[in-house]
Amino acid sequence: SSSSSSSYATTLLLLLSLLLISWVAAQNPSNCPKQPYTPLLEDDTVRIGVPINLGETKPTSGPLVDSTGKTLSTFSSGNAVHSKSMQISFELWAEVENAKAAAGNGIKIAGRDYLVQLIFLDCGGPTETVDCFNATRRLATYEFGRVDFIFAPYSSTLAPYAAAAAEDCQVPSISAHASAEEAYRCPLVEDGLPTADSNFIATLGQETADLLVGRCGDSVIDGVVQQKEKRWQYAVSWQSHAGNYLPGFLSLVKIKQAQTVFIFGEEASFTSAIRTGLSSAAESFNLAVVEDYTVVNPTGDDRIRLSYDPNDSSPSTDAVMEAQAIIDLAEAIRTFNPDAVAGGTYYAICASLMVRFAEINYVPKSIGMTTCVGSTLIANIPNEVPYLYGSSGWDYGLKGNAYSESAENPIFHFPPNAAGETAAVQFTNAFKASPRYTEYFGEFVESDRPSYQAAGGYVMGYAVTNAIRNTQIASNECGGDAGNSTTLDFLPAWQAPYIEGSLYGPVVLDDAGHNYAKEFVTLQVDVNGEIQVVTPLSSASSDGVYPMPGFDERIFDNDPYNNPAEIGILVLATICILAAIALVILLGVWHEKPQILAASLLFCEVMVVGGILAYVSLYFWTIYTNTLFCNLYLWFLVIGVDLMLGSLLIKNWRIQAIFKAAGNLKKTVIPNSDLVKSIVAVTLVDVVILIVWQVLFARVS
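None of these values were measured; they are calculated from a predicted model.

Scoring rules and cut-offs
Residues numbered from 1 in each chain as written. Predicted model: local features only at pLDDT ≥ 70, side-chain atom pairs only at ≥ 80, totals over all residues. Heavy atoms only, no water. Helix = DSSP H or I, 4+ residues; strand = E, 2+ residues; numbered from the N terminus. Buried < 20%, exposed > 50% of the residue type's maximum accessible area, 1.4 Å probe, protein only. Areas by Shrake-Rupley, 256 points an atom, 1.4 Å probe, with all protein chains shown as cover. Salt bridge = Lys/Arg side-chain N within 4 Å of Asp/Glu carboxyl O. Pairing = 2+ DSSP bridges. Right-handed = clockwise from strand over helix to strand, strands pointing away. Phe/Tyr/Trp six-rings, centres within 6.5 Å; stacked < 30°, edge-to-face > 60°. Lys NZ or Arg CZ within 6 Å of the ring centre and 35° of its normal. Patch = residues over 30% accessible without salt bridge, like charges linked within 9 Å, V, L, I, M, F, W, Y side chains within 5 Å. Axes fitted to C-alpha atoms, helices over the stretch in contact; angles between N-to-C directions. Parallel < 35°, antiparallel > 145°, perpendicular 65-115°, else oblique. Left-handed = near helix turned anticlockwise from the far one by under 90°. Contact = heavy atoms within 4.5 Å. Core = buried A, V, L, I, M, F, W, Y, C linked by side-chain atoms within 4.5 Å. pLDDT = per-residue confidence, 0-100.

Peer 1: What is the right way to read the overall build of the protein chain from this model?
Peer 2: Scanning the protein chain from terminus to terminus reveals 21 helices and 20 strands. The burial tally for the protein chain puts 48% of its 701 residues in the buried class. Accessible area of the protein chain: about 32400 Å², with a carbon and sulfur share of 58%.

Have a look at this one:
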């Protein structure tokens, strides 16, 4: 019948539709919009997806914020704190680039100026690796509109998951801070075989991990294909290798005659990469490695999470286990007693180790650790942190040719200005002027400085700008790849720039897209809790303290006159002061005697008062309890000597003048008032010198 024929036809059509859908899905299993990737085709806008770890609270759908929107999230984790600094910098870059485009000097493609649009999607939370993978995939599959590039989330832990999702759709994933080499190696390949590793399977599931295996590409180093290594083909960075974090510290202590080094690190990929770099640097600097120690967290985590607190009366089970790991590490270091200790660490182990050192009253001659020298550590353990070395990708104090931009080619928009400000200072001023800064951090104070995460975020934007400018794009019309930018065009363009100097330092990219020319900054906390740059030497504000003073040498015993020498000074000074006071009284009693009149009573008393002041200085010379006392001794001593010697010399001058006049049969009268003026004049000169010294060179307790 006709109805049966119609039913069969309908069924057949449905089956054919299902087969067609299945075939399409097989060709594009992850629902990516287009392969190979062809960006910048729909409108005059470069659209950048930003999966960003903004904290625990996140919406279930839709972008978190756009380039002008207000965040819907709260901040909790350390990654979130760094991420919001990066968000400010991303928006600052977009604002500057869009202003340049409006003036006809923006990102030009086929002679047209392109705007920048940022699409943020939160991936924070307790399962941030999965969340960042899923957020990146949502962006890369155009759920919120076309996306041309992905800005990877902060940290070497999250970046590879974002890279995997972006790789699936062949969208370039760019990281500013993932410095561990593992963030760019394909984790789905073992010894050259395409096998999903256990971490990715556990995080993403077997099906998704297997899907990504086929996206791994050859790893090329110095033009040679690595047989037992694969890499993501669309993941790049302007950051240097994690192995470059601490060699500056080892170089510095080697100059200061260090001979041995104890290397340690946690099991995370970032810290493991740092240990590898430290071992290589120690060999280069001819430092003997006495131990390469792995800090194993008994809880099974790849890093220490809890800060060691010896005063905690009821610690958790995890806290007890992690504390034992810290105790074992400190004891191992004390056993070897090396000249230098260098560690690839996160914050908790860094703070915990310094607390443990103070508890056992031991420090090596020098210690440098990553990710811990900063305001948080100084605020939390102010007594333990002085003289600790650390490293950073960037610092506010960087200067010199390597960190300056030319007026002809201001790569990051901070050429020399009329005020003579460095590129770092100009960036700081722009960063603190951001409305989002006030929203996140409150009012900017002069002691605040942008983090290296902030500077790196800004630089990452201009990395995209530079790569697009180096890519030949003849058209922005849809409908075919001819003349349009593809990913294969983009990656060689990414590797093209060579920059001698910029806000972020020199830029030379290797085959893997890493900036191998960049030197990490070595920092040291000084005795006053201030962070000093010690390398690179062109930007150094201190030459570094080596060896570190022991904890017993740093503690000032605020118990004056507690030894025989101090007590002896106190007794002698007191006796002399009492004798001088008695002399002043006797001079007043005998003021009419001829001998006193002949000796000039006024100047005798001034001399004695000057002596009393000089004696008083001895009290302050031995009782350094605060900044005031540290400086008062010099005021008492100088003014006392001026009054004492000034009175003696001026009296002798008057006697000499009288006898000289008598020899010429002349009567000479020199009143006391004239002599007092001379003493006051000399004393005032020294007071001016003391004021200048107090302002510029005074001691600080």
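Still more ground to cover, so stick around.
Peer 1: Is there a simple way to explain the pattern of salt bridges in this structure?
Peer 2: Pairing between side chains becomes possible if they bear opposite charge and their charged atoms approach one another. Applying the stated criterion across every chain, the model contains eight salt bridges. With a closest N to O distance of 2.9 Å, R146 and D148 form a salt bridge. Judged by its relative accessible area of 0%, D148 falls in the buried class.

Peer 1: Looking at this structure, how should I read the pairing of strand β13 (residues 288-295)?
Peer 2: Looking down a regular strand, the side chains alternate between one sheet face and the other. The pairing of strand β12 (residues 260-266) with β13 spans seven bridges and is classified as parallel. Bridging across to β13, I263 finds its partner in D292. You can see the chain leave β12, run along helix α8 (residues 269-284) and come back into β13, and the turn it takes is right-handed.

Peer 1: Is there a simple way to think about the packing of aromatic side chains in this case?
Peer 2: The geometry of two aromatic rings is summed up by the distance between their centres and the angle between their planes. If you walk through the whole model with that rule in mind, you get 13 aromatic pairs. The interplanar angle of 45° and the centroid separation of 4.9 Å between the aromatic rings of F90 and F151 together place this pair among those described as tilted. Of the two residues, F90 is situated in helix α2 (residues 78-102) and F151 in strand β5 (residues 149-151); the sequence distance between them amounts to 61 residues. Put simply, the rings of W394, F427, F431, Y437 and Y458 touch in pairs and so form one group of aromatic residues. In this structure, R303 is placed above the aromatic ring of Y346, and the distance from its NZ or CZ to the ring centre is 3.8 Å.

Peer 1: So what exactly am I meant to see when it comes to a nonpolar patch on the surface here?
Peer 2: A cluster of nonpolar side chains, namely L578, I581, L583, I585, L586, V589 and W590, defines an oily patch on the protein surface of about 660 Å² accessible area. Assignment of secondary structure puts I581 in helix α17 (residues 564-589). On the basis of relative accessible area, I581 is assigned to the partly exposed category, the value being 39%.

Peer 1: It is not clear to me how helix α12 (residues 423-432) should be interpreted in this structure. Could you clarify?
Peer 2: Residue pairs spaced three or four apart in an α-helix point in one direction, given the helix's 3.6 residues per turn. Summarising burial for α12: seven of the 10 residues are buried, a large majority. Taken together, the buried positions of α12 are occupied by A423, A424, V425, Q426, F427, T428 and F431.

Peer 1: What's the story with the packing of helix α3 (residues 128-140) against helix α4 (residues 159-168) in this structure? I'm lost.
Peer 2: For any two helices packed against each other, the geometry is given by the interaxial angle and the distance between the axes. Their axes nearest at 8 Å, the elements α3 and α4 cross at an angle of 25°. Between α3 and α4, the interaxial angle falls into the category roughly parallel. The chirality of how α3 crosses α4 is right-handed. Seen from α3, the contacting residues are T129, C132, F133, T136, R137 and A140; seen from α4, they are Y161, A162, A164, A165, A166 and D168.

Peer 1: Help me understand the nonpolar core, please; the structure alone is not making it clear to me.
Peer 2: Within soluble globular proteins, side chains that are nonpolar generally end up buried alongside one another. F264, F357, L388 and F427 are the most contacted members of the largest nonpolar core, which totals 111 residues. Other than its neighbours up to four places away in sequence, L388 contacts C350, M354, I367, M369, C372, V373, L377, L523, Q524, V525 and M548. With 16 residues, the next largest nonpolar core counts Y161, A164, A165 and L204 among its residues.

Peer 1: What exactly am I supposed to notice about unusual backbone geometry here?
Peer 2: In this structure, P536 follows T535 across a cis peptide bond, with omega equal to 5°. In this model, Y142 sits at a positive phi of 65°, which is unusual for a non-glycine residue. Topologically, Y142 is positioned in the loop between α3 and β5. Assessed through its relative accessible area of 22%, Y142 is described here as partly exposed. A positive phi angle, near 55°, is found at N361, a position not held by glycine. As for its placement among the helices and strands, N361 is situated in the loop between α10 (347-360) and β15 (367-369).

Peer 1: Could you clarify how one ought to interpret the environment of P386 in this entry?
Peer 2: Among the structural elements, P386 can be located in the loop between α11 (375-380) and β16 (389-392). Each C-alpha atom of the pair P386 and F551 lies 9.8 Å from the other, and the pair is 165 residues apart in sequence.

Peer 1: Sorry, what's going on with the confidence of the model for the protein chain here?
Peer 2: For residues with low pLDDT, the predicted coordinates do not support detailed interpretation. Within the protein chain, residue pLDDT values average 76, and 74% of them lie at 70 or more. Segment residues 56-77: pLDDT under 50, and 60 contacts once partners within four positions in sequence are set aside and those in other chains are kept. Ignoring residues within four places in sequence, the model shows residues 472-488, a span with pLDDT below 50, making 36 contacts including any to other chains.

Peer 1: What's the story with the packing of helix α9 (residues 317-336) against α10 in this structure? I'm lost.
Peer 2: Their axes nearest at 9 Å, the elements α9 and α10 cross at an angle of 60°. Here α9 is positioned oblique relative to α10, judged by the angle of their axes. Judged by the sense of rotation from one axis to the other, the crossing of α9 with α10 is right-handed. Listed contacts from α10 to I326, I327, L329, A330, I333 and R334 of α9 are I349, S352, L353, R356, F357 and I360.

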